[in-house]
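Chain and residue survey
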Amino acid sequence: MKYTYIPQGVCSTKVDFEIEDGVVKNVSFLGGCNGNLKAISALVEGMPVDEVTKKLSGISCGMKSTSCTDQLATALKKAVEKSSEGSGSESQQ
């Protein structure tokens, strides 16, 4: 299923991703540190959602209490929660 998440407190303004059978696919960020976020997207491609959230949750950026990677982890957690509720919603914020 495709999801869109609007991150809070970071430079990126949107994260799009898919989850298929518990696996992260096609992550893309709008805004933020272009090279770093392309690298993160490539590294998490094909990983299980729970593994990505464990690795990326709680990472900060500079003086911020969050980061684009932490926001991706948040987005993945919310997407899993929504899908387990059976909402069928494809847009998450």
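Structure's up top.
Residues numbered from 1 in each chain as written. Predicted model: local features only at pLDDT ≥ 70, side-chain atom pairs only at ≥ 80, totals over all residues. Heavy atoms only, no water.

**Quick look at the overall build of the protein**
Quick reminder of the rule: Only runs of H or I of at least four residues qualify as helices and only runs of E of at least two qualify as strands under DSSP, and these elements are numbered from the N terminus. Here the radius of gyration uses the C-alpha set of atoms, whereas the globule reference equals 2.2 Å times the residue count to the power 0.38. Each residue is assigned to one of three classes by its accessible area relative to the maximum for its type, calculated with a 1.4 Å probe on protein chains only: buried under 20%, partly exposed between the two thresholds, exposed over 50%. Residue contacts are counted whenever heavy atoms from the two residues lie within 4.5 Å of one another. Each accessible area value is a Shrake-Rupley result obtained with a 1.4 Å probe; residue values ignore everything except the protein chains displayed when judging cover.
Across its full length, the protein holds 3 helices and 3 strands. For the protein, the N- to C-terminal ordering of α and β elements is β-β-β-α-α-α. Since a compact globule built from 93 residues should have a radius of gyration of about 12 Å, the 12 Å found for the protein is in line with a globular shape. Oriented by its inertia axes, the alpha-carbon framework of the protein measures out at about 35 × 25 × 20 Å. Within the span of the protein, comprising 93 residues, buried residues form 35% of the whole. Considering only contacts within the protein whose residues lie at least 6 apart along the sequence, 43% involve residues at least 24 apart. Here the protein displays about 5,300 Å² of accessible surface, and carbon together with sulfur accounts for 52% of that area.

**Here we look at the sheet that holds strand β2 (residues 14-20)**
Counted only if it meets this: Criterion used throughout: strands pair if DSSP finds at least two bridges between them. For helices, the fitted line uses only the C-alpha atoms of the stretch in contact; every axis is such a line through C-alpha atoms, and the angle between N-to-C directions lies from 0 to 180 degrees.
Overall, antiparallel pairing links the 3 strands, which are arranged β1-β2-β3 in an open sheet. Single-partner strands in this sheet number two, and they are β1 (2-5) and β3 (23-30). With direction set aside, neighbouring strand axes in the sheet form an average angle of 20°. Sheet analysis places β2 next to β3, joined by 6 bridges and oriented antiparallel. Each residue of the ladder has a partner; that of V15, found in β3, is F29. Docked against the sheet, helix α3 (residues 68-85) engages β1, β2 and β3, running at close to 45° with respect to β2.

**Some remarks on the pattern of salt bridges**
Going by this rule: In what follows, salt bridge is the name for a side-chain nitrogen of Lys or Arg lying within 4 Å of a carboxyl oxygen of Asp or Glu.
Overall, the coordinates contain 3 salt bridges when judged by the stated rule. Close ionic contact of E20 with K25 constitutes a salt bridge, the shortest N to O distance being 3.8 Å.

**What to know about helix α1 (residues 34-44)**
Quick note on the threshold: An arc is given here, and it is the one of the directions from the helix axis to the C-beta atoms.
L37, I40, S41 and V44 are the residues of α1 that are buried. On an axial view of α1, the arc spanned by its buried residues comes to 100°, and they lie on one face. For α1, the exposed residues set more than 90 degrees away from the buried face come down to K38, A42 and L43. Against β3, α2 (49-56) and α3 lie the buried residues of α1.

**Details of the side chain of S12**
Its place among the elements puts S12 in the loop between β1 and β2. If we ignore the near neighbours within four places in the chain, the residues touching S12 are P7, F29, L30, G31, G32, L37 and C68.

**What about α2?**
Buried within α2 are the following residues: V49, V52, T53 and L56. Seen along its axis, α2 keeps its buried residues to an arc of 95°; they face one direction. Residues of α2 that are exposed and angled more than 90 degrees away from the buried face: K54 and K55. Residues of α2 that are buried sit in contact with β2, β3, α1 and α3.

Geometric descriptors of this kind do not, in isolation, establish any biological role.
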